Amino acid sequence: MSELSTTGNISSPFKDRVMRFASKNMGFVSTLISIAAIGLALLIGGIMISFAGINPWEAITYLVKGSFGNRYGFGETLTRFVPLLFCSLSFAIAHKSGFFNVGAEGQLMMGAVGAVLVGAYIQGLNPVLHVILCILAGIVFGAIWAGIAGVLKIFFGSDELINTMMLNYVAILLVDYLIHGPIKSPDSYLYVSSTILDSAKLPIILSKTPLHLGFIISLLVTAGVFYLVYRTPIGFQMRTVGANRKAAAYAGINIVWATVIALITTGGLAGMGGAIEIMGTQFKIVNGFSGGYGYDGIGVAVMGRYNPIGIFLAALLFAVIRVGMGAMQRGAGVPFPLLNVIQGLIIILVIASGYLTNKLSETVIGGRA
Amino acid sequence: GPAADKPVVEEPAVDAPVVEDPAVEEPVVEEPAAEEPLRVAMVFSTTIKDDGYAQVAYESLMMLKEKYNLEVSYQESVPDATVKDVLRSYAAEDYDLIYAHQLYFTEAVNEVAPEFPDVKFGVTGYMANSPNVIALDATNWESVYLAGVVAGMMTETNKIAMVTVSQSPIALKMVNAMYMGATSQNPDAEIMHLFTGSFDDVVKAKEMATAAIKDGADIVYANCGIGTVGAIEAAKEYNTYAIGSSVDRGPLAPEIVLTSNVLDSGRYIIIAVEGLLNGDLEWGKVYELGVKDGVEYLTPFNDAVPQEVKDAVEQATQDMIDGKIATPETEKYMWD
Amino acid sequence: MDAAWITTIVTWLAMSIRMSIPLLFPSLGGLIAQKAGVYNFGLEGMMLCGAYFGYYGSYMTGSPWIGLLMGMASGALLGLLLAFTSIHLRVSQLVTGLGIGVFSLGITGFLFRLISYDTDTTAAILFPSINFGKLGSIPVIGDIFLSHSWLVYAGFVMVILTAWFFYHTTSGLNFRAVGENPQVAETAGVNVIVNRYLAVVVSGILASMGGAFLTLTQTAYFTENISAGRGWIAISAIVLGKFNPWGVLLACLLFGAADAAQMQIQVMNLGIPYQFLLMIPYIMAMLAMVGFVGKVRSPAAMGKPYIKH
Amino acid sequence: MAEEFYLSFRNIRKSFPGVLALDDVSLDIYKGQIHALLGENGAGKSTLMNILYGLYHQDSGEIYFEGEKYTQNTPKNAIKHGIGMIHQHFMLIPNFTVLENLILGQSSPNPPKLEKEYFRQEILKVAEKFGITVDLDLLVEEISVGMQQKIEILKALYKGAELLILDEPTSVLTPQESQELFKMLLDLNQKGTTIIFISHKLKEVMQISNRISVLRDGKLITTLTKEDTTPNELSRLMVGREITSRYEKSSEACGETVLVIDDISLVDHHNHQRHLLKNVNLNVCRGEIVGIAGVDENGQKELAEIISGLRKPTSGKILMFGQDVTNYSTRQLIEMGLSYIPSDRRNQGLVMDFKISENAILETHYQKPFTKGISLQKKVINQFADNLISEYDVRTPSINVPVKNLSGGNQQKVIVGREFLKKTHILLVMQPTWGLDVGAIEFVHRKLLEARENGVTVLLISTDLEEVRKLADRIFVIYEGEIVGQADSTSDVEEIGLMMAGSHRQYR
Ligand SMILES: Nc1ncnc2c1ncn2[C@@H]1O[C@H](COP(=O)(O)OP(=O)(O)OP(=O)(O)O)[C@@H](O)[C@H]1O
Ligand SMILES: Nc1ncnc2c1ncn2[C@@H]1O[C@H](COP(=O)(O)OP(=O)(O)OP(=O)(O)O)[C@@H](O)[C@H]1O
Ligand SMILES: [Mg+2]
Ligand SMILES: [Mg+2]
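These numbers were taken from a predicted model, which means no experiment stands behind them. (Residues numbered from 1 in each chain as written. Chains lettered and ligands numbered in written order. Predicted model: local features only at pLDDT ≥ 70, side-chain atom pairs only at ≥ 80, totals over all residues. Heavy atoms only, no water.)

Regarding the arrangement of the chains
Phase 1 of the analysis: The protein chains that touch form five pairs of chains, and the pair with the most contacts between them is chains A and C.
Phase 2 of the analysis: The closest approach of any C-alpha atom in chain B to one in chain D is 40 Å; the two make no contact. (Contact = heavy atoms within 4.5 Å.)

Thoughts on unusual backbone geometry
Excluding glycine, residues mostly carry a negative phi; peptide bonds, for their part, are mostly trans.
Phase 1 of the analysis: Here the bond from Pro111(D) into Pro112(D) is cis, since omega is -5 degrees, no more than 30 degrees from zero.
Phase 2 of the analysis: Mapped onto the secondary structure, Pro112(D) falls in the loop between α3 (98–103) and α4 (116–129).
Phase 3 of the analysis: With an omega dihedral of -5 degrees, the bond running from Lys368(D) to Pro369(D) counts as a cis peptide bond.
Phase 4 of the analysis: Relative to the elements of secondary structure, Pro369(D) occurs in the loop between α12 (356–360) and β17 (371–372).
Phase 5 of the analysis: Despite not being glycine, Arg90(C) has its phi angle at roughly 55 degrees, a positive value.
Phase 6 of the analysis: Turning to its location among the elements, Arg90(C) is positioned in the loop between α3 (64–88) and α4 (93–115).
Phase 7 of the analysis: Arg90(C) gets classed as partly exposed once you look at its relative accessible area, which sits at 25%. (Helix = DSSP H or I, 4+ residues; strand = E, 2+ residues; numbered from the N terminus. Buried < 20%, exposed > 50% of the residue type's maximum accessible area, 1.4 Å probe, protein only.)

Observations concerning the packing of helix α8 (residues 214–231) of chain A against helix α11 (residues 255–282) of chain A
Residue and element names in this part refer to chain A.
Phase 1 of the analysis: Relative orientation of the contacting elements α8 and α11 amounts to 175 degrees, with a least axis distance of 11 Å. When the interaxial angle is binned, α8 and α11 end up roughly antiparallel. Counted together, Gly214, Ile217, Val221, Val225 and Leu228 of α8 and Thr265, Leu269, Met272 and Ile276 of α11 form the full contact between these two elements.
Phase 2 of the analysis: Taken together, the residues of the contact of α8 with α11 break down into seven nonpolar, two polar and no charged. (Axes fitted to C-alpha atoms, helices over the stretch in contact; angles between N-to-C directions. Parallel < 35°, antiparallel > 145°, perpendicular 65-115°, else oblique. Nonpolar A, V, L, I, M, F, W, Y, C, P; charged D, E, K, R; others polar.)

A short note on the interface of chain C and chain A
Phase 1 of the analysis: Across the contact, 49 residues belong to chain C and 46 residues belong to chain A.
Phase 2 of the analysis: Roughly 3800 Å² of surface becomes buried between chain C and chain A when both sides are summed, with 82% attributable to carbon and sulfur atoms.
Phase 3 of the analysis: Linking chain C to chain A there are zero salt bridges.
Phase 4 of the analysis: At the junction of chain C and chain A, the tally comes to two residue pairs in polar contact (both at pLDDT 80 or more).
Phase 5 of the analysis: Among the elements that line the side of chain C that touches chain A, the one with the most residues is α4(C), at 14 residues.
Phase 6 of the analysis: Class assignment for the residues of the side of chain C that touches chain A results in 33 nonpolar, 12 polar and four charged. (Buried area = accessible area lost by both parts, 1.4 Å probe. Salt bridge = Lys/Arg side-chain N within 4 Å of Asp/Glu carboxyl O. Polar contact = N/O pair within 3.5 Å; in protein donor to acceptor, adjacent residues only side chain to side chain.)

Observations regarding a nonpolar patch on the surface
Residue and element names in this part refer to chain C.
Phase 1 of the analysis: Among the surface-exposed residues, Ile6, Leu135, Ile138, Val140, Ile141 and Phe145 lie close enough to one another that they form a single nonpolar patch of about 480 Å² accessible area.
Phase 2 of the analysis: For the nonpolar patch, the element with the most residues is helix α5 (residues 139–145), which contributes three residues.
Phase 3 of the analysis: Within the secondary structure layout, Leu135 lies in the loop between α4 and α5. (Patch = residues over 30% accessible without salt bridge, like charges linked within 9 Å, V, L, I, M, F, W, Y side chains within 5 Å. Areas by Shrake-Rupley, 256 points an atom, 1.4 Å probe, with all protein chains shown as cover.)

Some thoughts on the coordination of the magnesium ion (ligand 3)
All names here are of chain D.
Phase 1 of the analysis: All of the protein donors around the magnesium ion (ligand 3) are Ser46 (OG) and Gln88 (OE1); their distances to the metal are 1.7 to 2.1 Å.
Phase 2 of the analysis: A separation of 4.0 Å is found between the magnesium ion (ligand 3) and the magnesium ion (ligand 4), which share Gln88 as a coordinating residue. Residue Ser46 is located in helix α1 (residues 45–53), and its partner Gln88 is located in the loop between β6 (83–86) and α3; the two are separated by 42 residues in the primary sequence. (Donors = N, O, S within 2.8 Å, 3.2 Å for Na, K, Ca; no water.)

What about the side chain of Glu419(D)?
Residues and elements named next belong to chain D.
Phase 1 of the analysis: Relative to the helices and strands, Glu419 resides in helix α14 (residues 408–420).
Phase 2 of the analysis: Assessed through its relative accessible area of 0%, Glu419 is described here as buried.
Phase 3 of the analysis: Residue contacts for Glu419: discarding those within four places in its chain leaves Ser339, Tyr340, Ile341, Glu363 and Thr424.

Let's talk about the sheet that holds strand β11 (residues 257–267) of chain D
Residue and element names in this part refer to chain D.
Phase 1 of the analysis: Reading across the sheet, the four strands line up as β12-β11-β14-β15 and stay open at both edges, with antiparallel pairing between neighbours. Among the strands making up the open sheet, the edge pair consists of β12 (275–285) and β15 (323–324).
Phase 2 of the analysis: As paired elements, β11 and β12 share seven bridges and run antiparallel to each other. Note that in β12 the partner of Leu259 across the bridge is Val284. (Pairing = 2+ DSSP bridges.)

Brief notes about the sheet that holds strand β1 (residues 7–16) of chain D
Residue and element names in this part refer to chain D.
Phase 1 of the analysis: The strand order across the open sheet built from four strands is β2-β1-β4-β5, with neighbouring strands paired in antiparallel fashion. Every interior strand has two partners, whereas the edge strands, β2 (19–29) and β5 (68–69), have only one.
Phase 2 of the analysis: Across five bridges, β1 lies against strand β4 (residues 60–65) in antiparallel orientation. Bridge pairing links Arg13 to Ser60 in β4.
Phase 3 of the analysis: Its contacts with the sheet place α1 against β1, β2 and β4, and it is angled at close to 115 degrees to β1.

Looking at the interface of chain A and chain D
Phase 1 of the analysis: Between chain A and chain D, the contact holds 27 residues from the first and 38 residues from the second.
Phase 2 of the analysis: Here chain A packs against chain D, burying approximately 3000 Å² in sum over the two surfaces, 62% of which is carbon and sulfur.
Phase 3 of the analysis: Its salt-bridge partner being Arg239(A), residue Glu358(D) comes within 2.8 Å of it at the nearest N-O pair.
Phase 4 of the analysis: Here chain A is connected to chain D by 10 residue pairs in polar contact (both at pLDDT 80 or more).
Phase 5 of the analysis: Elements represented by at least two residues in the side of chain A that touches chain D include exactly α8, α9 (233–243) and α10 (245–250) of chain A.
Phase 6 of the analysis: For the side of chain A that touches chain D, the element with the highest residue contribution is α9(A), accounting for six residues.
Phase 7 of the analysis: Residues belonging to the side of chain A that touches chain D are distributed by class as follows: 13 nonpolar, nine polar and five charged.

A few points about the nonpolar core
Phase 1 of the analysis: Core analysis: the largest hydrophobic core is formed by 267 residues, its most contacted members being Ile285(A) and Tyr145(B).
Phase 2 of the analysis: A per-element tally of this core places helix α7 (residues 160–180) of chain A first, with 13 residues.
Phase 3 of the analysis: Tyr145(B) has contacts with Ala177(B), Met180(B), Gly181(B), Ser184(B), Ala316(B), Met320(B) and Ile325(B), leaving out every residue within four places of it along the chain.
Phase 4 of the analysis: With 93 residues, the next largest nonpolar core counts Ile12(D), Tyr70(D), Ile93(D) and Tyr158(D) among its residues. (Core = buried A, V, L, I, M, F, W, Y, C linked by side-chain atoms within 4.5 Å.)

Side note on the confidence of the model for chain D
Phase 1 of the analysis: Of the residues in chain D, 98% have a pLDDT of 70 or more, and the chain-wide mean is 89.
Phase 2 of the analysis: Per-residue pLDDT, averaged within each element of chain D, yields its smallest value for helix α17 (residues 493–500) of chain D (83) and its largest for α12(D) (96). (pLDDT = per-residue confidence, 0-100.)

Here we look at the packing of aromatic side chains
Phase 1 of the analysis: In total, this model carries 43 aromatic pairs over all chains according to the counting rule given.
Phase 2 of the analysis: Look at Tyr90(B) and Tyr95(B): their rings are 5.1 Å apart centre to centre, the planes differ by 85 degrees, and that puts the pair in the edge-to-face class.
Phase 3 of the analysis: Residue Tyr95(B) is classed as buried on the basis of its relative accessible area, which comes to 7%.
Phase 4 of the analysis: Three or more aromatic residues joined by ring pairs form one cluster here, namely Tyr52(C), Phe53(C), Tyr55(C), Tyr56(C), Tyr59(C), Phe112(C) and Phe222(C).
Phase 5 of the analysis: One residue, Arg239(A), lies across the ring of Phe354(D), its end atom 5.3 Å from the ring centre.
Phase 6 of the analysis: The ring of Tyr95(B) has Arg39(B) lying over it, and the distance from NZ or CZ to the ring centre is 4.0 Å. (Phe/Tyr/Trp six-rings, centres within 6.5 Å; stacked < 30°, edge-to-face > 60°. Lys NZ or Arg CZ within 6 Å of the ring centre and 35° of its normal.)

Topic: the pattern of salt bridges
All names here are of chain D.
Phase 1 of the analysis: As enumerated under the stated definition, the model contains 57 salt bridges over all chains in all.
Phase 2 of the analysis: Between Lys422 and Glu363 there is a salt bridge, and its shortest N-O distance comes to 3.6 Å. Highlighted residues: Lys422 in the loop between α14 and β19 (426–430) and Glu363 in the loop between α12 and β17, separated in sequence by 59 residues.
Phase 3 of the analysis: Owing to a relative accessible area of 5%, Glu363 belongs among the buried residues under this scheme.
Phase 4 of the analysis: Taken together, the shared-partner salt bridges in this structure form one network comprising Glu40, Asp217, Asp393, Arg395 and Lys413.

Quick notes on helix α1 (residues 13–24) of chain A
Residues and elements named next belong to chain A.
Phase 1 of the analysis: Here α1 is 12 residues long and its end C-alpha atoms lie 17 Å apart, about the 16 Å a rise of 1.5 Å per residue gives.
Phase 2 of the analysis: The set of residues buried in α1 consists of Asp16, Met19 and Ala22. Down the axis, α1 shows its buried residues gathered within 130 degrees of arc, on one side only. Exposed and oriented more than 90 degrees from the buried face of α1 are Pro13, Phe14, Arg17 and Lys24. (Expected span 1.5 Å × (residues − 1). Arc of directions from axis to C-beta.)

Thoughts on the pairing of strand β3 (residues 97–101) of chain B
Residue and element names in this part refer to chain B.
Phase 1 of the analysis: A large share of β3 lies buried, amounting to five of its five residues.
Phase 2 of the analysis: When strand β1 (residues 39–44) meets β3, the two strands line up parallel, connected through five bridges. Pairing of Val40 across the sheet is with Leu97, part of β3.
Phase 3 of the analysis: With four bridges connecting them, β3 and strand β4 (residues 120–123) associate as parallel partners. Of the residues in β4, the one forming a bridge with Ile98 is Phe121.
Phase 4 of the analysis: What joins β3 to β4 is helix α5 (residues 106–112), and the crossover it makes is right-handed. (Right-handed = clockwise from strand over helix to strand, strands pointing away.)

So, in structure tokens, the structure goes:
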């Protein structure tokens, strides 16, 4: 069969030029499309806001100002970004390995527990070592939590969607129990965990903001993860097992081993996110300290189309929403429920706009690869 | 444990501003109207539509806004995890008073306040470590004790169901107050303490109360956020007496709601704002307000409540004001 | 066994049923969508809308029936939205579902605030429990089975209907084929698109009925986020029930019973930390998976968009 | 002009992402004829038929059917117009029963009820009429590929059609079964059914068709009547060159024995009475091709899985180069030089969503030169893949195309190339030429013989007796998990056929 020109069967010089441009800058184009979708969401949201008797333009400006406009907001946004990034990586890598992990929320919480145990109760370590140990503890705890679901899947073939979801609820309750007793802070009147020692805290990297070293770490980890998945043999094996277990077996790939690695990474990443959240900003576990990073992470991964830049941008978007929406409340007095409405609209419209991107990349590049 | 650093109780009789009928507040209204308005920000941990704790405070804020034409702002559903950022943002947007309406915000407020010495912070809490902070809170037990008196005398099965969200120190304090109040009148009274584990699961609260009623409880006292509504409905369905909490729950079921113990959580912000306006409030202090300050009280009884009970409550209130009644434990159930 | 025990158990069973129904409706809804190959992760949001509009309709018109209808309509609309994005736009059903959840949480909260901004929330008219006359007063049986509102029984009827539809009608066979392998269904002359649209809309309606159940039989009040995560549990109930209506019924009963049991244990005051009691339903679900459910086979084309060249 | 024909394609054009599958194809079919479509893998045969049936939509061009313009081409409409199709990839739902699969889409005698029993009777009648024996209550996933093929045929026959399309219906049938099928087809044709028949097997085409059209690279090359053409001409038209069907191989005596299958038995997990394999013994020498002939599902798959380390036998040993490798992992065996071409390319051989380049290194990705240190060497891998698609003539726009977008024939070439291009001492091949066109088949066969010359040990498992006889030095016949006899290229086909059918055995 003869090859087609990249432009498929679309004629007209203009379209032609558009197509050629798009084919070269698919990422850029899809970003544009998403931004347009966000714009639409804000438009609809704006109309509703004006129903509530608030000047929508003012409200929107607060969204931007609050999350980027001032130094503190900027730092805060990037701080929220970190756990989102970790959770989305966790989901993405599980997805690639054929494991449907909706349990990042719970794994993140357990990771936080790990960090607190090491960070608050092991004294007299030098900071670097202490920090590393805390992060390791987070990884181990997260991995174990994911591992439970993994073991159940490998040995009993029981569905990981349920198990990871159930483990989220269990983790939340377990943490609640822990901060009521075992790891409750002795010097607080409230039920919160002990605070980690200074030697376990991550340094602030942008003064007068909460932005901490975890941000840098998260970027490095992202690079590492994608290197692992796409550039190393074990990553190749994980993806193969994810895409077709049988073919993997026929190719002599050790399925259990690949799955185990996948589990450790997926759980470890979420756990690491929890640890870093504790070590960088919260320093102790207060109730409901995650606030749904794990679930947002799923959205981030899918919206980001499982690729590094996509995930980076999507995580940023969710962080901006989290921070900017607060500003919209404080500044413009937008009622809280409306903020959810807008957030929902953004999610739905951005994901829906993916349709255009798909269509484009099909006609342009060929194949849905 | 916590018992150690239990908040110091001031002598409110002296410090606490006597809160009179706003109408009489004439002189104050003038001056703030003159210079540019006072900017007040408030932070809530739940939705402001919770039919109680937060909502009452929110309504007070709106009332104050009208009365002193304040410039107000608020943020609701703020998780403990991010409250510091919210406080800082408000401080940066230079508000005059930032009030955090939630016990669990106490530590955050005391941590952030020193960073902004010329901003005033208020918290519904138990600690004020810096000169620009006040902490205001109800005793969180006195009116429950009184409710206990009612419950203790009204119960026939000697089983009193108490539904709360969790086992927070406040919750335990209340449970124990209920226990003390009830047993002060009726040594055989028992408390069934139940948790919903959620502030907004009405249905669960209702089922919990139902379970307790089926198990012989004949008084339901619910203090579990929005869930309270559900618990009272259960009582209504089984035609069992109930005692409401935090606001007057009478309207929900006039015939079975004996009374409600009100912790007027709307009062703190009023005290803070008016104190700031009149400059008659001492900062860096903790104010624990109770029955004697009119912050805690029982709403008018319904007809089912006999005179003797009313008298007993009367008596208990007096004892309380005379400080004859010890503060309940916050650590463990006092019956075991 | 003494009387106290009997009451406890009777209460527990009756409660189990009441606790299961708000899971059963969305679970059946989700099941229908998934059998046709579409993942409905919007159940939670659809429940919320059902709950709100159910409440609103009943409270405005004084008729719970109108409330129920409004609730169902809202669910149908959300279903339509999900159907469009997943069938026509072929974008992530998971994320659209999450989005619908957040959106519904917001919109219901917002509308609720518009209608009532003061402390005294206004009660909606509830569906009464059916009066079975003498039967109702049969000791144990009466309390457990004959003490509910018609929606409870409607839930069970839905199970029977769904099972009958899936396994005893031609359209049911075609319907399942669409979820197993749309291309095969299409070659057999089955209209994949229509089937999937119907499935998702119906699933929205059922989910919203689950929500309306809360505000029209359980409590007369709407409160923000009243569904409290039941839509998510429903999703696991579907897998736990092995994608079979009867299985789903059992799964929902299991969740309901475990939750009810947990409450009963609290009443007994055994001094177990309450967090562990609250864990019971979730742990039960996991044990059930391992114990007697084992490997679950989901519809082969579930979540996969159907591309026609 | 279109009127006089029963069915006419006019200037049909269809492109898939990066592929022009059909390029301005015009084709006419006479009523009551059997019309054969020939063409290399990827020529566009299935696509053309899928368009007629309404699974795909042409980008441009018209179809005229029974004299009218046929616009609404959807399967529903096709069925309404009496068009039936047996698809190349079985259109069956694995976890539905055979019966359910056959009922699918039928309208019930009294709706909405699903009258299973009614349909059962109806179907059994038809099955009987055509001498097909089926257990309607088995799940499709439980039955053999050959059986599935028959279900597809039964489905078409049951639904009845004036125009019946068969896309490679015989690729998994035994010669006998194919002959039975042809009897049915001719019978139907007598009764006036028009038939379009796609096959790569020229013999069959010559046997039953009236007219023959040849597609190449999405273009219609020509249409001929059977009388005035020959198999050789056809293959020349398809591939553009002569195809030899006989190979002469150097007959050399057996050197060292490389592969020993020592009394292997395998018991069915579910039913311990049943032996999937029973005391199988084989020695295979260096530089020899041993063929295992047998009807599908007689234990071949299990034997292959045991040899390749995917399964452990209940008893018995496997020796390679004298070492006992019975409990070696698949990877260890691969590293010892075992190559395996499995029969199910879509599920066992390939990862359909992966690019060609990724599929090319499925087994060797972790070895040098593809991996250096901890990282995969993109450049090296792409070079390797590029070389593979050119050397093995995989028709595709680029190595970055996911293999699911390749025609099945080309998918097979990817696997063959991959296995031949890696270090190989023992070659285990199963159905290596399913769905391949004559050119590709010849190519694969030559490669196998070449390997033999280079001293590779080849174990060829195939249901295609022709193939086995052409290539193998020694032939063993397997029936119900037992080796029931031995033969060679000179032996009498009849006898081998009988052994395959289980009605005759040499060994007791
Ligand atoms: N759905 C599809 N998506 C992408 N490419 C396709 C699709 N269907 C067919 N093709 C491509 O179109 C070309 C024609 O394929 P087609 O299946 O018609 O060939 P064929 O003649 O049937 O080959 P074979 O003899 O292997 O069956 C092939 O190159 C194939 O890769
Ligand atoms: N929707 C699709 N998306 C991508 N690829 C597809 C799609 N449908 C079919 N293909 C692939 O395109 C190729 C052509 O499709 P077709 O159904 O004609 O198979 P084929 O070429 O005849 O393959 P085979 O020779 O294995 O039987 C097939 O290999 C098929 O896997
Ligand atoms: Mg084909
Ligand atoms: Mg083919």
